[in-house]
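Spelled out, the chains give:
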Amino acid sequence: MTPQPRVLMVEDHPDIADLYQLKLQLDGYRVAVASDGAAGLRLARSFLPDLILLDIHMPQLDGLQVLTALREDEATDDVPVVICSEDDSPQLIKEAHRLGAAAYLVKANLLPSRLSQMVADVLGQRGELTLGGAPPSAQQAS
């Protein structure tokens, strides 16, 4: 049996985290949740996720600080990070991509099924990378 892909969700709103976590678990993912940036960074280092879903505006460390720290850590520097935020500021989206986010999704437009599909797409692209395929392109939900 194939192991369940591990997804770390760093989200400070419990209702949103519960909704997305349930959908991802129903779709076969093993999901861990951290409620602030510092806890998310610690969990990323111990859980060793295949993909990280990261909010931007959170307590302790914001999402861009977490993303920067993930990219600077050898244990997490190649883990795909998908930003899930209410903030659709073009400057913020550009900065997230510059820091290495695989995608930037705006929560107002993000149904759980769309999130699950994005996780599958990004993980699929990562599998292609290990086989010498093209790098994943950053995507934005509209």
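Residues numbered from 1 in each chain as written. Predicted model: local features only at pLDDT ≥ 70, side-chain atom pairs only at ≥ 80, totals over all residues. Heavy atoms only, no water.

A short note on helix H1 (residues 14-26)
With 13 residues, H1 ought to run about 18 Å at 1.5 Å a step, and its terminal C-alpha atoms sit 18 Å apart, in line with that. Turning to H1, its buried residues number three or more, namely Ala-17, Tyr-20, Gln-21 and Leu-24. One side of H1 carries all its buried residues, which in axial view fall inside an arc of 105°. Seen from the buried face of H1, the exposed residues on the opposite side, beyond 90 degrees, are Asp-15 and Leu-26. (Helix = DSSP H or I, 4+ residues; strand = E, 2+ residues; numbered from the N terminus. Expected span 1.5 Å × (residues − 1). Buried < 20%, exposed > 50% of the residue type's maximum accessible area, 1.4 Å probe, protein only. Arc of directions from axis to C-beta.)

Notes on the nonpolar core
Counting residues in hydrophobic clusters, the biggest one holds 27 residues, and the most contacted among them are Ile-52, Leu-54, Ile-83 and Tyr-104. For this core, the elements supplying multiple residues, two or more each, are strand S1 (6-10), strand S2 (30-34), helix H2 (37-47), strand S3 (51-54), helix H3 (63-72), strand S4 (81-85), helix H4 (90-98) and strand S5 (103-106). In contact with Ile-83, not counting residues within four places along its chain, are Leu-54, Ile-56, Leu-67, Ala-96, Ala-101, Ala-103, Tyr-104 and Leu-105. Counting 20 residues, the second-largest nonpolar core is a separate cluster that includes Val-7, Cys-84, Leu-110 and Leu-123. (Core = buried A, V, L, I, M, F, W, Y, C linked by side-chain atoms within 4.5 Å. Contact = heavy atoms within 4.5 Å.)

Re the pairing of S5
On S5, burial covers both faces: Ala-103 and Leu-105 on one face and Tyr-104 and Val-106 on the other are all buried. In terms of strand pairing, S4 meets S5 through four bridges, oriented parallel. Its bridge partner lying in S5, Ser-85 is registered against Val-106. (Pairing = 2+ DSSP bridges.)

Topic: empty space enclosed by the protein
Any empty space left between the atoms is revealed when a probe the size of a water molecule rolls over them. On inspection of all chains with the given rule, the structure shows one cavity of 30 Å³ or more. Considering only enclosed or pocket space, the largest cavity measures out at about 40 Å³ in volume. Looking at the lining of the largest cavity, the elements with two or more residues in it are S1 and S3. Across the lining of the largest cavity, the residue classes break down as seven nonpolar, no polar and two charged. (1 Å grid on protein atoms, 1.4 Å probe; cavity = no way out; pocket = protein on both sides within 12 Å on 5 of 7 lines; lining within 4 Å. Points joined across faces, edges and corners; volume = space filled by probe spheres on them. Nonpolar A, V, L, I, M, F, W, Y, C, P; charged D, E, K, R; others polar.)

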